[in-house]
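Summary of structural features
For reference, the chains in residue letters:
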Amino acid sequence: MKIKSIIAFVSVLVLFPVSNVLFAQSQSEDNQSILHELVVKMVDDEWRVVYKNDETKSTVLAKKNDRVSWTAEGSDISFQFDESLFGGSSFELEDGESLMRPLAPGAKVGEYIYAVFVRGAGVFAKGESPPRIIIDRM
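Residues numbered from 1 in each chain as written. Predicted model: local features only at pLDDT ≥ 70, side-chain atom pairs only at ≥ 80, totals over all residues. Heavy atoms only, no water.

Some thoughts on the confidence of the model for the protein chain
Formally: Per-residue confidence from the predictor is reported as pLDDT, a score between 0 and 100. Here, residues are in contact when the closest pair of their heavy atoms is within 4.5 Å.
Residue-level pLDDT values for the protein chain average 83, and 77% of them are 70 or greater. Contacts of residues 12–28 to residues separated by more than four positions or lying in other chains number one contact, the stretch itself having pLDDT below 50.

Dropping the structure here:
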């Protein structure tokens, strides 16, 4: 009986620090900030919001501490957001400029649809119709 108690005690001493290290690693990976880089530009004769390196995607899947950037290519543009998403509801960009916004600390998990108006063409840019940001965890 004493041997089983000693083995159990030693196991706890060994496993407890290991579990703390694994937990700390998973927490630090969750807190890693990701920059989602988007471009507003003409794609196949249509103004679109797309990922910088993938014109087939535009929906941002974000989490706490993530940042989103947009670059205007070919026209001045205006943005309209839910104020809770970035701490402001409207932003303006001139052609060639970029805008980077971190998610607001008070943003809640959910789907946020936003509008991008292409001023030179007088139209709204499409994303995956419409452009959106989905916060899947904070």
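Thoughts on the environment of V39
Our working definition: Labels follow the DSSP assignment, with helices taken as runs of H or I lasting at least four residues and strands as runs of E lasting at least two, numbered in each case from the N terminus.
Relative to the helices and strands, V39 resides in strand β1 (residues 35–43). Residues V39 and K52, spaced 13 residues apart in sequence, show a C-alpha to C-alpha distance of 5.6 Å. Not counting the four nearest positions on each side in its chain, V39 is found in contact with R48, V49, V50, K52, T71 and E73.

Focus: the environment of F81
Relative to the elements of secondary structure, F81 occurs in the loop between β5 (77–80) and α2 (83–86). Along the sequence, F81 and A115 sit 34 residues apart, while their C-alpha atoms lie 6.8 Å from each other. Those residues within four positions of F81 in sequence are excluded, and the remaining contacts are W70, F86, G88, S89, F91 and Y114.

With respect to the packing of aromatic side chains
In plain terms, the rule: The criterion for an aromatic pair is that two Phe, Tyr or Trp rings (for Trp, the six-membered ring) have centres within 6.5 Å, with stacked assigned to planes under 30 degrees apart, edge-to-face to planes over 60 apart and tilted to the rest. Throughout this description, the term charge over a ring refers to an Arg CZ or Lys NZ atom that lies within 6 Å of the ring centre and within 35 degrees of the ring normal.
Taken as a whole and judged by the stated rule, the model has nine aromatic pairs. These aromatic residues form a ring-pair network of at least three members: W70, F79, F81, F86, F91 and Y114. Sitting above the plane of the Y51 ring, K57 keeps its charged end 5.5 Å from the centroid.

A word on unusual backbone geometry
Phi at D45 takes a positive value of approximately 60°, unusual for a residue other than glycine. Mapped onto the secondary structure, D45 falls in the loop between β1 and β2 (46–51). You will see that N65, though not glycine, has its phi angle at about 75°, which is positive. Its location among the elements puts N65 in the loop between β3 (60–63) and β4 (67–72).

Description of the side chain of S69
Put simply, the rule reads: When a residue's accessible area, from a 1.4 Å probe over protein chains only, is under 20% of the maximum for its type it is buried; when over 50% it is exposed; and in between it is partly exposed.
Mapped onto the fold, S69 is located in strand β4. On the basis of relative accessibility, which here comes to 10%, the residue S69 falls in the buried class.

Re the side chain of H36
Counting through the fold element by element, H36 comes out in strand β1. Here H36 is in contact with Y51, V60, L61, A62, D66, R67, V68 and S69, once residues within four sequence places are set aside.

Re the environment of E83
As for its placement among the helices and strands, E83 is situated in helix α2. Measuring from C-alpha to C-alpha, the distance between E83 and A104 comes to 9.1 Å, with 21 residues separating the pair along the chain. Residues contacting E83, with those up to four places away along its chain left out, are G88 and S89.

Brief notes about the sheet that holds β3
Cut-off, in case you're wondering: A strand pair is defined by DSSP finding two or more bridges across the two strands. Working convention: axes come from line fits to C-alpha atoms, limited for helices to the stretch in contact. Angles between N-to-C directions cover 0 to 180 degrees.
Reading across the sheet, the three strands line up as β3-β11-β8 and stay open at both edges, with mixed pairing between neighbours. If you trace the sheet from one side to the other, it starts and ends with β3 and β8 (110–113), each paired once. Each neighbouring strand pair of the sheet contributes to a mean axis angle of 25°, computed without reference to strand direction. Sheet analysis places β8 next to strand β11 (residues 132–137), joined by four bridges and oriented antiparallel. Its bridge partner lying in β11, G110 is registered against I135.

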